[in-house]
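Residue-level structure breakdown
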Amino acid sequence: MMRLSTGGLRDLGLLGLLGALTLLAAPLAQAQTAVTRDDVIAKLNHFETDAAIDVPALRQQTLERSKSRSKNEPPPQKRPPIAPDLTKLPAFNADIAFDVDTPIVMPESYQTVGRIADALTHSALLPYTFLIVGHMESTGRRDNNVLLSQRRADAIRDILVNTFKIAPKRLQSVGLGEEQLLDPARPNAPVNNQLQIMLVAKVADEPPAHPAPAAAAKKPAKPAKRH
């Protein structure tokens, strides 16, 4: 049977205390790095001018490029971005956890989506429209990555609209797959799975409602002829 000296017991006690402190500190560290509403606002509240983005055309262009099988196709780290103009827009990059190969948002990420919703309904951002951009790291088939990133961007839009009641006209979504890597130097890095919220334009003013045309004045009835 092994016996420990008083010094050994003291060392074990210190190690146990340090371990307990580490476990206690972990939640605190996570709380400190949790996304806040103000974090989102600080990144997005930099409007300069409306950006003309044809989202349906960008979706089609991205899908078509992802299907390229040319022998001269450059490796992921050397591909030009599919939509370089997007890099000029105010953007918030969010780490959203999804179930593997699905657009299902994991429960631990609903708080982040909620903070994004809080920011989008704040008075500073309420006058604007936004684009939700999905990305994927460079693993698997390129065209499948585009489709999955689109489904994930759509899923976030649906949650913001249906759960947090953001006006649908303020949100569009597009999936870029691995065609616009967030970290091109490391195409397989998890950072490339981040989802972006981009400020695009001011909400278009709705035309004033026209009053219903007044009913045509009835003509006075002609007096009956006397015989």
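What comes next concerns the included structure.

**Observations regarding the overall build of the chain**
Scanning the chain from terminus to terminus reveals five helices and four strands. Across the chain, helices and strands are ordered from the amino to the carboxyl terminus as α-α-α-β-α-β-α-β-β. With 227 residues in all, the chain has 35% of them scored as buried. Taking all contacts inside the chain whose residues are at least 6 apart in sequence as the whole, residues at least 24 apart take part in 81%. With the model as given, the accessible surface of the chain reaches about 14,900 Å², and the carbon-plus-sulfur share is 58%.

**Observations concerning the nonpolar core**
Inside soluble globular proteins, nonpolar side chains tend to come together where they are buried. If you look at the biggest cluster of nonpolar residues, it comprises 27 residues, and the most contacted ones within it are Leu120, Phe130, Ile156 and Leu160. Going through the elements one at a time, α2 (37-44), β1 (91-94), α4 (110-120), β2 (128-134), α5 (142-163) and β4 (195-202) are the ones with two or more residues in this core. Each residue touching Leu120, except ones within four places of it in the same chain, is listed here: Leu44, Leu125, Leu126, Phe130, Leu160, Ile166, Arg170 and Leu171. Formed by 13 residues, the second largest nonpolar core is a distinct cluster that contains Leu58, Leu86, Met198 and Val200.

**Concerning α5**
Given a rise of 1.5 Å per residue, 22 residues ought to cover 32 Å, and the 31 Å separating the end C-alpha atoms of α5 matches this to within 8%. Looking one or two places after α5, you find Lys165, whose phi comes out positive at around 60°.

**Looking at the environment of Leu89**
Mapped onto the secondary structure, Leu89 falls in the loop between α3 (55-66) and β1. When the C-alpha atoms of Leu89 and Ala51 are compared, they prove to be 8.1 Å apart, with 38 residues separating the residues in sequence. Excluding its chain neighbours within four sequence positions, the residues that come into contact with Leu89 are Ala51, Ile53, Met198, Leu199 and Val200.

**Regarding the side chain of Glu178**
Note on placement: Glu178 falls in the loop between β3 (171-175) and β4. In this structure Glu178 comes out as buried when scored by relative accessible area, which is 3%. Only 2.7 Å separates the side chain of Glu178 from the side chain of Asn145, close enough to count as a polar contact. When sequence neighbours within four positions are dropped, the list of residues in contact with Glu178 reads Pro76, Arg79, Met136, Glu137, Ser138, Thr139, Gly140, Arg142 and Asn145.

**Quick look at the packing of α2 against α4**
Contact geometry of α2 with α4 gives a least axis separation of 8 Å together with a crossing angle of 55°. In terms of axis orientation, α2 runs oblique to α4. At the point where α2 passes α4, the crossing takes the right-handed sense. On α4, the residues that touch Arg37, Val40, Ile41 and Leu44 of α2 are Arg115, Ile116, Asp118, Ala119 and Leu120. Within the contact of α2 with α4, the residues separate by chemical class into six nonpolar, no polar and three charged.

**Remarks on the packing of aromatic side chains**
Taken as a whole, this structure holds one aromatic pair when the rule is applied. Ring plane angle 35° and centroid distance 5.0 Å describe the contact between Phe47 and Tyr128, whose orientation is recorded as tilted. Taken as a pair, Phe47 in the loop between α2 and α3 and Tyr128 in strand β2 lie far apart in primary sequence, 81 residues in all. Of the residues examined, Tyr128 reaches a relative accessible area of 11% and is grouped as buried.

**Focus: α2**
The periodicity of an α-helix, 3.6 residues per turn, causes residues three or four places apart in sequence to face the same way. Taken together, the buried positions of α2 are occupied by Val40, Ile41 and Leu44. On an axial view of α2, the arc spanned by its buried residues comes to 100°, and they lie on one face. Buried residues belonging to α2 abut β1, α4, β2 and β4.

**Focus on the pattern of salt bridges**
Applying the stated criterion across every chain yields a total of ten salt bridges. The salt bridge partner of Lys88 is Asp85, with a shortest N-O separation of 3.7 Å. Overall, Asp85 belongs to the exposed group, its relative accessible area being 54%. Via salt bridges that share partners, Arg65, Glu73, Arg79, Arg142, Glu178 and Glu179 belong to a single interconnected network.

Cut-offs used in this document
- Residues numbered from 1 in each chain as written.
- Predicted model: local features only at pLDDT ≥ 70, side-chain atom pairs only at ≥ 80, totals over all residues.
- Heavy atoms only, no water.
- Helix = DSSP H or I, 4+ residues; strand = E, 2+ residues; numbered from the N terminus.
- Buried < 20%, exposed > 50% of the residue type's maximum accessible area, 1.4 Å probe, protein only.
- Contact = heavy atoms within 4.5 Å.
- Areas by Shrake-Rupley, 256 points an atom, 1.4 Å probe, with all protein chains shown as cover.
- Core = buried A, V, L, I, M, F, W, Y, C linked by side-chain atoms within 4.5 Å.
- Expected span 1.5 Å × (residues − 1).
- Polar contact = N/O pair within 3.5 Å; in protein donor to acceptor, adjacent residues only side chain to side chain.
- Axes fitted to C-alpha atoms, helices over the stretch in contact; angles between N-to-C directions.
- Parallel < 35°, antiparallel > 145°, perpendicular 65-115°, else oblique.
- Left-handed = near helix turned anticlockwise from the far one by under 90°.
- Nonpolar A, V, L, I, M, F, W, Y, C, P; charged D, E, K, R; others polar.
- Phe/Tyr/Trp six-rings, centres within 6.5 Å; stacked < 30°, edge-to-face > 60°.
- Arc of directions from axis to C-beta.
- Salt bridge = Lys/Arg side-chain N within 4 Å of Asp/Glu carboxyl O.

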